[in-house]
Amino acid sequence: MNAVNLAEAKAHLSELLDRVEAGDSVDITRRGKPVARLTAVARPRKRIDAALLQSLTATMPPQAEGAADLVRSMRDGDGSSARTAGGRHSCRRRRDPGPPIPPSTICSCITGPE
């Protein structure tokens, strides 16, 4: 949170509002004492159309395993994930003990062949 005196606030109100919109909070002071605070207005949350969400999820195929099991098998590399080809993890990240692969590289078993 930043403090700005009243004269500066008057002269730079547009810039202060830009900072507040970006999530900052600004105290306005008069003779060194805080008298006001600029903060962003809480924006109303967008309502979710439950019928649309239900129709979307109804078209999705059921998952063979739970999310926790999927993440655990991918992390541990035990080959039990439904996303592996023939029961084996198909990317270099799991089978090559060579140089480390950068974290930004996404496994082909998740993205599919290039």
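Residues numbered from 1 in each chain as written. Predicted model: local features only at pLDDT ≥ 70, side-chain atom pairs only at ≥ 80, totals over all residues. Heavy atoms only, no water.

Q: Quick question: what am I supposed to make of the side chain of Thr29 here?
A: Structurally, Thr29 can be placed in strand 2 (residues 26-30). Judged by relative accessible area, which is 11%, Thr29 ranks as buried. Apart from the residues within four sequence positions on either side, Thr29 is in contact with Ala3, Val4, Asn5, Leu6, Pro34 and Val35. (Helix = DSSP H or I, 4+ residues; strand = E, 2+ residues; numbered from the N terminus. Buried < 20%, exposed > 50% of the residue type's maximum accessible area, 1.4 Å probe, protein only. Contact = heavy atoms within 4.5 Å.)

Q: What's the story with the pairing of strand 2 in this structure? I'm lost.
A: Remark: a regular strand shows side chains that alternate across the two faces of the sheet. With respect to burial, strand 2 is a largely interior element, four of its five residues being buried. Looking at chain direction, strand 1 (residues 2-5) and strand 2 are connected through four bridges and run parallel. Directly across from Asn2, in strand 2, lies its bridge partner Val26. Linkage of strand 2 to strand 3 (residues 33-38), two consecutive antiparallel strands, is achieved through a turn of two residues, within which Arg31 is found at a positive phi near 55°. (Pairing = 2+ DSSP bridges.)

Q: For this particular structure, what's the right way to read the nonpolar core?
A: Buried together is how nonpolar side chains tend to be arranged in soluble globular proteins. Judged by nonpolar contacts, Val4, Ala9, Leu16, Val20, Val26 and Ile28 together constitute the single largest core of six residues. When residues of this core are traced back to their parent elements, those giving at least two are helix 2 (13-21) and strand 2. Excluding residues within four positions of it along the chain, Ala9 makes contact with Val4, Leu16 and Ile28. (Core = buried A, V, L, I, M, F, W, Y, C linked by side-chain atoms within 4.5 Å.)

Q: Help me out: how do you make sense of a nonpolar patch on the surface in this one?
A: A contiguous nonpolar patch, built from Ile48, Leu53, Leu56 and Met60 and spanning about 430 Å² of accessible area, is present on the exposed surface. Position of Met60 among the secondary structure elements: in the loop between helix 3 (50-58) and helix 4 (67-76). (Patch = residues over 30% accessible without salt bridge, like charges linked within 9 Å, V, L, I, M, F, W, Y side chains within 5 Å. Areas by Shrake-Rupley, 256 points an atom, 1.4 Å probe, with all protein chains shown as cover. Salt bridge = Lys/Arg side-chain N within 4 Å of Asp/Glu carboxyl O.)

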